[in-house]
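Notes for the structure review
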Amino acid sequence: MCVIRCLSHEKCCEASYDISTSICRLDTSENCCVDMEIVDGWETFKTDIYETPCTGCVSYGTSSYKFSVDSKSWADAKISCVCLKGKFLEAETTEENNFIKAELNTMNTGNDVFGKKMMSIAGGFLVPLKTKGSIRLVDLSTGTPQRPTEITTGSDDHHWFYHRVLWLDMNGDGKKDAVTCRAKKSLLGSGTGQLVWYEHPQTDSISNPWHHFIIADHSDTFFDITTLTTPTGTNTVIVTTGFFSNQLKIYWTTDPAGKWTDTLKIKSRVIEEHIGHVFDVQIDDVNNDGKSDLLVTSNGLSNTAVYVYEIPADFRFIDSVLAMNILTFRFINSIQAIRS
């Protein structure tokens, strides 16, 4: 009856019912939508309060976008969007999709890394005269983008090109470090690559030296990071591609504290090496079964394709890893085109 009273009241935002005293309390301070939870013996019916105007939103075209870090189911996320007088995002154009991806990348290099809004730029490419790449950080917190600050300033860092940067605390010091794959190729020689991470300086100044640490060779272009659960616990994993090595690989650390500083504790498995030049990988629930999958592209003159790999219950063992290719789709297209 308590929740019915709240639902029937136009301004009820929260209803609490004490089972021991049968007392119902209504909060009518705002207009909002219903959510439910049990706290300290009270059955509490909460709501998401409307925000007008949209605070913390970013604009693109005629629309405003609000990004939330709350963990919710697909259905609950849709309800929350309605409660905020919006709708769950479905990108309608390639341009909108690219804007969303760029904004998410900016957020990933933002407040949770530096305490302010930043953007990371990975540069360089395979073609002649473009192979001297870099990773640069741009301060966006002042409203006017500041001059980029390069973090790949080591004597060996300029001989590589970089495609992507993701952020993860690799040494357990509480600061997120820059994780990347890098590649190089001479004009006539073969190509090679490395999975590396750059240590976030202990001081807050991003202009201080960022020292790099090599995790492994042969991973050269794109990669993605996620957390996977096994029968014995949870592991943060890095899935990498090898354009030159033709390998799709997965890395994890056996360090009890989750650190990546001891290479002897870093393990890896080859997931695939028979689909040609493996170019990009992104981790998502492709078949909507509630489990993460690998969305992978290969690049070649005769076998350009997109593959989907289901991740087995325990990715660490060879038999399980080889079972990753039980679900494979082929498209003559790219990840970006599918996501659009």
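The model shown is predicted, which means the values in this text are computed figures rather than measured ones.

What counts and how
- Each residue is numbered by its place in its chain's sequence as written, counting from 1.
- Two thresholds apply to this predicted model, a pLDDT of at least 70 for residue-level local features and 80 or more for giving and counting side-chain atom pairs, whereas whole-chain, interface and lining totals are computed over all residues.
- Only hydrogens and water are set aside when side-chain values are computed; all heavy atoms of the structure are taken into account.
- A run of H or I in DSSP becomes a helix once it reaches four residues, and a run of E becomes a strand once it reaches two; helices and strands are each numbered from the N terminus.
- For every residue, the accessible area (1.4 Å probe, protein chains only) is compared with the maximum for its type, and the residue is labelled buried under 20%, exposed over 50%, or partly exposed between those bounds.
- To measure how exposed things are, a 1.4 Å probe is used in the Shrake-Rupley method; for residues, cover is taken only from the protein chains shown.
- Note on aromatic contacts: the rings of Phe and Tyr and the six-membered ring of Trp form a pair at centre separations within 6.5 Å, being stacked when their planes are under 30 degrees apart, edge-to-face when over 60 apart, and tilted otherwise.
- In the analysis that follows, any N or O atom pair within 3.5 Å is treated as a polar contact, provided that within protein one partner can donate a hydrogen and the other can accept it, and provided that, for residues neighboring in sequence, both atoms belong to side chains.
- Contact criterion: two residues are considered in contact whenever any of their non-hydrogen atoms come within 4.5 Å of each other.
- When a carboxyl oxygen of Asp or Glu is within 4 Å of a side-chain nitrogen of Lys or Arg, the pair counts as a salt bridge.
- In this analysis, strands are considered paired if DSSP registers two or more bridges between them.
- Where helices are involved, their axes are fitted lines through C-alpha atoms of the stretch in contact, as for all axes, and angles between N-to-C directions lie from 0 to 180°.
- Confidence scores labelled pLDDT are given residue by residue by the predictor and lie between 0 and 100.

**Quick notes on the overall build of the protein chain**
Within the protein chain, the regular secondary structure consists of six helices and 20 strands. Per-residue burial over the protein chain gives 38% buried out of 340 residues. Accessible surface for the protein chain amounts to roughly 18,900 Å². Of this, 53% is attributable to carbon and sulfur atoms.

**Let's talk about the packing of aromatic side chains**
To describe a pair of aromatic rings, you give the distance between the ring centres and the angle between the ring planes. On inspection of all chains with the given rule, the structure shows nine aromatic pairs. Their ring planes at 25° and their centres at 4.6 Å tell us that W197 and F213 sit as a pair that is stacked. Of this pair, W197 sits in strand β12 (residues 191–198) while F213 sits in strand β13 (residues 212–217); the two residues are 16 residues apart in sequence, bridging distant segments of the chain. When its relative accessible area of 3% is taken as the criterion, W197 is described as buried. Geometrically, the ring pair formed by F222 and F279 is edge-to-face, given 5.1 Å between the ring centres and 80° between the ring planes. Pair noted here: F222 is in the loop between β13 and β14 (223–230) and F279 is in strand β18 (residues 277–284), with a separation of 57 residues, a long-range link.

**Remarks on the side chain of T241**
As for its position among the elements, T241 is in strand β15 (residues 233–241). For T241, the side chain forms a polar contact with the side chain of T221, separated by 2.7 Å. Looking at T241, its side chain comes within polar contact range of the main-chain oxygen of F279, at 2.8 Å. Setting aside chain neighbours within four positions, we find T241 in contact with H218, S219, D220, T221, F222, Q247, L248, V278, F279, D280 and V281.

**Considering unusual backbone geometry**
Phi at N246 is positive, roughly 60°, even though this residue is not glycine. Along the chain, N246 falls in the loop between β15 and β16 (248–253). Using a relative accessible area of 24% as the deciding quantity, one classes N246 as partly exposed. Residue N288 is not a glycine yet carries a positive backbone phi of 60°. As for its placement among the helices and strands, N288 is situated in the loop between β18 and β19 (293–299).

**Some points on the pattern of salt bridges**
The full count for this structure, using the stated rule, is six salt bridges. Here D280 makes a salt bridge to R164, at a shortest N to O gap of 3.3 Å. Pair noted here: D280 is in strand β18 and R164 is in strand β10 (residues 161–168), with a separation of 116 residues, a long-range link. Note on accessibility: D280 and R164 belong to one class, buried.

**Thoughts on the sheet that holds β19**
Sheet architecture is open: three strands sit in the order β18-β19-β20, paired in antiparallel fashion. Where the open sheet ends on each side, the last strands, each with one partner, are β18 and β20 (305–310). Each strand of the sheet is rotated relative to its neighbour by a mean of 25°, with strand direction disregarded. As paired elements, β18 and β19 share seven bridges and run antiparallel to each other. When the sheet's bridge partners are listed, D284 is paired in β19 with D293.

**Remarks on the confidence of the model for the protein chain**
When the pLDDT values of the protein chain are averaged, the result is 78; 74% of them are 70 or greater. Mean pLDDT in the protein chain bottoms out at helix α6 (residues 335–339), which sits at 35, and peaks at β16, which reaches 95. Confidence drops under a pLDDT of 50 for residues 48–52, and excluding neighbours within four residues, the segment shows 20 contacts in the predicted structure. Of the regions scoring below 50 in pLDDT, residues 319–340 engages in 58 contacts with residues more than four places distant in sequence or in other chains.

**A closer look at the sheet that holds β15**
The strand order across the open sheet built from four strands is β14-β15-β16-β17, with neighbouring strands paired in antiparallel fashion. Single-partner strands in this sheet number two, and they are β14 and β17 (266–272). The average undirected angle you get between the axes of adjacent strands in this sheet is 30°. Summarising the sheet, β15 and β16 pair through five bridges and their orientation is antiparallel. Across the sheet, the residue bridging to V237 is W252, located in β16.

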